[in-house]
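Spelled out from the first residue to the last, the chains are:
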Amino acid sequence: MQTLILPGYSASNKEWVDDVVKNLKVEGTIRPFYWMHWTDENSKFDAKQKAGLIAKHIRGDKVNIIAKSLGTLIVGYLWQIIPTQIEKVVFCGIPVKDITSEELEIVKRCISQMNDKIIVLQNVNDPHGTFEEVKDLGNIRMTSRDDHTYPFFDKFNEFLN
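Residues numbered from 1 in each chain as written. Predicted model: local features only at pLDDT ≥ 70, side-chain atom pairs only at ≥ 80, totals over all residues. Heavy atoms only, no water.

Draft legend 1. Representation of unusual backbone geometry within the structure. Non-glycine residue arginine 59 carries a positive phi angle of around 45°. Structurally, arginine 59 can be placed in the loop between α2 (47-58) and β3 (63-68). Backbone geometry places serine 69, a non-glycine residue, at a positive phi of 55°. On the basis of relative accessible area, serine 69 is assigned to the buried category, the value being 8%. (Helix = DSSP H or I, 4+ residues; strand = E, 2+ residues; numbered from the N terminus. Buried < 20%, exposed > 50% of the residue type's maximum accessible area, 1.4 Å probe, protein only.)

Draft legend 2. Looking closely at the environment of leucine 70. Mapped onto the fold, leucine 70 is located in helix α3 (residues 70-81). Measuring from C-alpha to C-alpha, the distance between leucine 70 and tyrosine 34 comes to 13 Å, with 36 residues separating the pair along the chain. Beyond its immediate chain neighbours, meaning those up to four positions away, leucine 70 contacts Pro7, Gly8, Tyr9, Phe45, Pro95 and Ile99. (Contact = heavy atoms within 4.5 Å.)

Draft legend 3. Representation of the packing of aromatic side chains. Within the structure shown, the criterion is met by 6 aromatic pairs. Between tyrosine 150 and phenylalanine 152, the aromatic rings sit 6.0 Å apart at their centres with planes inclined by 75°, giving edge-to-face as the arrangement. Judged by relative accessible area, phenylalanine 152 falls into the buried class, the value being 15%. Measuring from ring centre to ring centre gives 6.0 Å for phenylalanine 153 and phenylalanine 156, while their planes differ by 85°; the resulting arrangement is edge-to-face. One end of the pair, phenylalanine 153, and the other, phenylalanine 156, are both in helix α6 (residues 153-160), 3 residues apart, so they sit about a helical turn from each other. Accessibility assignment for this pair places phenylalanine 153 and phenylalanine 156 in one class, buried. By way of ring pairs, the aromatic residues Tyr9, Phe33, Trp35 and Phe45 are connected into one cluster. The ring of phenylalanine 159 has lysine 88 lying over it, and the distance from NZ or CZ to the ring centre is 5.3 Å. If you follow lysine 155 out to its NZ or CZ, it ends over the ring of phenylalanine 152, 5.3 Å from the centre. (Phe/Tyr/Trp six-rings, centres within 6.5 Å; stacked < 30°, edge-to-face > 60°. Lys NZ or Arg CZ within 6 Å of the ring centre and 35° of its normal.)

Draft legend 4. Region of interest: the packing of helix α1 (residues 13-23) against α6. The interhelical angle for the contact between α1 and α6, taken along N-to-C directions, is 55°, at an axis separation of 10 Å. Viewed along their axes, α1 and α6 adopt a mutual orientation that is oblique. The hand of the α1/α6 crossing is right-handed. For the pair α1 and α6, contact is made by Trp16, Asp19, Val20 and Asn23 and by Phe153, Phe156 and Asn157, respectively. Residues belonging to the contact of α1 with α6 are distributed by class as follows: 4 nonpolar, 2 polar and 1 charged. (Axes fitted to C-alpha atoms, helices over the stretch in contact; angles between N-to-C directions. Parallel < 35°, antiparallel > 145°, perpendicular 65-115°, else oblique. Left-handed = near helix turned anticlockwise from the far one by under 90°. Nonpolar A, V, L, I, M, F, W, Y, C, P; charged D, E, K, R; others polar.)

Draft legend 5. Structural view of α3. Between its terminal C-alpha atoms α3 stretches 17 Å, which fits the 16 Å expected from 12 residues at 1.5 Å a residue. Burial within α3 is extensive, with 10 of its 12 residues counted as buried. By the burial criterion, the buried members of α3 are Leu70, Gly71, Thr72, Leu73, Ile74, Val75, Gly76, Tyr77, Leu78 and Trp79. For α3, the elements touching its buried residues are β1 (2-6), α2, β3, β4 (86-92) and α4 (101-114). (Expected span 1.5 Å × (residues − 1).)

Read these as layout, nothing more, since geometry by itself doesn't imply function.
Okay, here's the thing in structure tokens:
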């Protein structure tokens, strides 16, 4: 089993990825992702392309995924490609203000089709999408923070184990 850590777009997410890796207590391999555009300003970020590359690299293995912000869209695309390989997913902070309505539909479809294999943590006043803006997408749990930070490592471990 692999556990993928898919961060958001901003380079500030590197610290979040490192903190998740440090605090995650799961069996198998933990695979953090660091986006190229964080260090190479000429690198283009395409969520659908990232999903295709990730699907190729996991080569049929079962995966759990923790995704934050734009990483949730990548999981939506992964769900279209390799649904039978995805075991459990934790979404943190769906960025409804930063994605198109078509992209939001991809995320929404993923949530609805995964049923009890997914939890979504959304801060009450996340500047990229408040709890009110996402509460109807399904299986959303409100958290008390007013930012786009998701340090809920105990919840990640509890759900994935």
